Amino acid sequence: MRKVADESTAIGKNRLYRVQGGDVKPNISKYRFIFRNSKLEIIAKDRLHITFDDVERAIEFYIKRGDKAEVFTANINKSFLDKIKSEAVKQNKAKKYPTRPQIDDPTKTKGSFGLHESYFKELLENISNPRIIKKQ
């Protein structure tokens, strides 16, 4: 997975990570990014938790979720990531600003956010080179 992070840095892009699935309770996560008919989709409408530019955090979640987990990763346009960061609120402000991105786990990383469904379309438009990495 570190190689994927290096690739994004080499081409001047930021990198998105989401660890999904798994077989270790209670750490199993819903599958949210899927490829259907060769098209990337986000399924379900609940808040989507993702991490940017922190491969170590993705590895930590992968280990917690077990061998059946997978890592969705993609390049993300910097301008969209900047927008998320500028609009994000702390979780204790989420009820006041329910559609804004939430800052997740700020004591562990500066790159994790929970996105409201109103961001999904724009997120998909700002993704390139999406991949799903599974343990072989």
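Above this text is the structure in question.
A brief look at the structure comes next. Every chain's residues receive numbers from 1 upward, in the order its sequence appears when written. Given that the model is predicted, a residue must reach a pLDDT of at least 70 before its local features are reported, and side-chain atom pairs must reach 80 or more before they are shown or counted; all residues, however, enter totals for whole chains, interfaces and linings. Each side-chain value is worked out from all heavy atoms of the structure, with water and hydrogens disregarded.

### Let's talk about the sheet that holds strand β1 (residues 14-21)
Two strands pair under a simple rule: DSSP has to find at least two bridges between them. Helix numbering and strand numbering both begin at the N terminus, where a helix is a DSSP run of H or I of at least 4 residues and a strand a DSSP run of E of at least 2. Strand order across the open sheet formed by seven strands is β6-β7-β8-β4-β1-β5-β9, with mixed pairing between neighbours. This sheet does not close on itself; its edge strands, each paired only once, are β6 (89-90) and β9 (127-134). Relative to strand β8 (residues 112-115), strand β7 (residues 102-103) runs antiparallel, the two sharing two bridges. Looking across to β8, one finds that Ile103 is bridged to Phe113. Where helix α2 (residues 55-65) meets the sheet, it contacts β1, β4 (48-52), β5 (69-76) and β8, and its direction lies at approximately 5° from that of β1. Two residues qualify as a contact provided that any one of their heavy atoms is within 4.5 Å of a heavy atom in the partner residue. Here an angle of 0 to 180 degrees is reported between the N-to-C directions of two axes, which are lines fitted to C-alpha atoms, with helices fitted over the stretch in contact. Against the sheet, helix α3 (residues 78-87) contacts β1, β4, β5, β6 and β8, and its axis sits at roughly 85° relative to β8.

### Observations concerning the pattern of salt bridges
Any carboxyl oxygen of Asp or Glu that lies within 4 Å of a side-chain nitrogen of Lys or Arg is treated as forming a salt bridge with it. Applying the stated criterion to the full structure yields 11 salt bridges. Residues Asp46 and Arg32 are paired through a salt bridge, measuring 3.6 Å at the closest nitrogen-oxygen approach. With a gap of 14 residues between them, Asp46 in the loop between β3 (39-42) and β4 and Arg32 in the loop between β1 and β2 (33-36) connect regions that are remote in the sequence. Of the charged contacts in the structure, one is a salt bridge between Lys64 and Glu60, with a shortest N-O distance of 3.9 Å. Residue Lys64 and its partner Glu60 are located together in helix α2, separated by four residues, close to a single helical turn. By relative accessible area, which is 36% here, Lys64 ends up partly exposed. Burial status follows relative accessibility: with a 1.4 Å probe on protein chains alone, a residue under 20% of its type maximum counts as buried, one over 50% as exposed, and anything between as partly exposed. Residue class for Glu60 comes out partly exposed when judged on its relative accessible area of 29%. When salt bridges that share partners are traced, they join Arg57, Glu60, Lys64 and Asp105 into one network.

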